[in-house]
Amino acid sequence: MENSESIYGAHKPVIEQKLKDILAHVDEIRETMTQSLGMDPVEHCLGRVKSEQSMREKCRRNNLPETTESALGKLYDAIGVRIVCAFVDDVYTIRDFIVNSGKYEILKEKDYIRHCKPNGYRSYHMILRVDGKYHAEIQLRTISMDTWAALEHHLKYKKDIGGRQALIVNELKRCADELASTDLSMQTIRDMILEES
């Protein structure tokens, strides 16, 4: 029988507002950076409150009771924001703005750009505590990292790939490395253009 009560309890409207507040802060950062760079550093920015079903499934995967306490106190991604930038340097600049804003407590940071996962996944992850009790996961990445992650996600859940698993894994890793090299080249080109300006 499906549980009709929200796993977020009475907190759901509050976490929805916290998401809006974070997105508004990202817009402020974008505006500041646009004034200094002459271009918006963010290609796109997506935010969501984790769906009831996904949060319940995550509780089960982590052997936690499906309660508001688990969803908001034990798991840290009820609020999720993905910020996709054109250039690697912008990822780190936005990260610095977030850290130095004083708006959040930074609980955890993982730099999968400088230290990619074995499969080639690259992104910068942050876990923030907002107003002392709510948590948000921020993912910062470039367009190419985002494209690779989306394709890898689709392929990971594809059934019946048979004996090609190892080949696919190796090809995905090769593509990830090539995209990372391209990101660095694009960054170098932009730096040269900015130096000339």
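Reading the values: the criteria
- Residues numbered from 1 in each chain as written.
- Predicted model: local features only at pLDDT ≥ 70, side-chain atom pairs only at ≥ 80, totals over all residues.
- Heavy atoms only, no water.
- 1 Å grid on protein atoms, 1.4 Å probe; cavity = no way out; pocket = protein on both sides within 12 Å on 5 of 7 lines; lining within 4 Å.
- Points joined across faces, edges and corners; volume = space filled by probe spheres on them.
- Helix = DSSP H or I, 4+ residues; strand = E, 2+ residues; numbered from the N terminus.
- Nonpolar A, V, L, I, M, F, W, Y, C, P; charged D, E, K, R; others polar.
- Buried < 20%, exposed > 50% of the residue type's maximum accessible area, 1.4 Å probe, protein only.
- Polar contact = N/O pair within 3.5 Å; in protein donor to acceptor, adjacent residues only side chain to side chain.
- Contact = heavy atoms within 4.5 Å.
- Patch = residues over 30% accessible without salt bridge, like charges linked within 9 Å, V, L, I, M, F, W, Y side chains within 5 Å.
- Areas by Shrake-Rupley, 256 points an atom, 1.4 Å probe, with all protein chains shown as cover.
- Salt bridge = Lys/Arg side-chain N within 4 Å of Asp/Glu carboxyl O.
- Pairing = 2+ DSSP bridges.

1. Details of the layout of surface pockets
If a probe the size of a water molecule is rolled over the atoms, the empty space left behind becomes visible.
Link 1 in the chain: Empty space within the largest pocket amounts to approximately 1200 Å³.
Link 2 in the chain: Lining the largest pocket are 35 residues; nearest its centre among them are Asp77, Arg82, His125, Glu137 and Gln139.
Link 3 in the chain: With seven residues, the top contributor of residues to the lining of the largest pocket is helix α5 (residues 143-156).
Link 4 in the chain: Residues that form the lining of the largest pocket fall into these classes: 12 nonpolar, seven polar and 16 charged.

2. Notes on the side chain of lysine 50
Link 1 in the chain: Following the sequence through the fold, lysine 50 ends up in the loop between β1 (42-49) and α2 (52-61).
Link 2 in the chain: The buried category is assigned to lysine 50, whose relative accessible area is 14%.
Link 3 in the chain: Here the side chain of lysine 50 touches aspartate 77 through a polar contact of 3.2 Å, side chain to side chain.
Link 4 in the chain: Apart from the residues lying within four places of it in its own chain, the contact partners of lysine 50 are Tyr8, Met55, Lys58, Asp77 and Ala78.

3. Examining a nonpolar patch on the surface
Link 1 in the chain: Together, Met186, Ile189 and Ile193 line one region of the surface with nonpolar side chains, adding up to about 280 Å² of accessible area.
Link 2 in the chain: The topology assignment puts methionine 186 in helix α6 (residues 165-196).

4. Observations regarding the pairing of strand β4 (residues 124-130)
Link 1 in the chain: Across the seven residues that make up β4, a large majority, six, are buried.
Link 2 in the chain: Relative to strand β5 (residues 134-142), β4 runs antiparallel, the two sharing seven bridges. The partner of isoleucine 127 across the bridge, within β5, is glutamate 137.
Link 3 in the chain: Adjacent in sequence and paired antiparallel, β4 and β5 are bridged by three residues, among which aspartate 131 carries a positive phi angle near 55°.

5. With respect to empty space enclosed by the protein
Link 1 in the chain: Tallied over the entire structure, the rule returns one cavity of 30 Å³ or more.
Link 2 in the chain: Estimated volume of the largest cavity: approximately 60 Å³.
Link 3 in the chain: Considering the residues around the largest cavity, the lining is formed by Gly120, Arg122, Ser144, Met145, Trp148, Ala176, Leu179, Ala180 and Asp183.
Link 4 in the chain: Of all elements in the fold, only α5 and α6 reach the threshold of two or more residues within the lining of the largest cavity.
Link 5 in the chain: The element best represented in the lining of the largest cavity is α6, accounting for four residues.

6. So, the pairing of β5
Link 1 in the chain: Across the nine residues that make up β5, a large majority, nine, are buried.
Link 2 in the chain: Because side chains alternate across β5, one face comprises the buried residues Tyr134, Ala136, Ile138, Leu140 and Thr142, and the other comprises His135, Glu137, Gln139 and Arg141, equally buried.
Link 3 in the chain: Pairing of strand β2 (residues 79-85) with β5, which is carried by seven bridges, proceeds in the parallel orientation. If you follow arginine 82 over to β5, its bridge partner there is glutamine 139.

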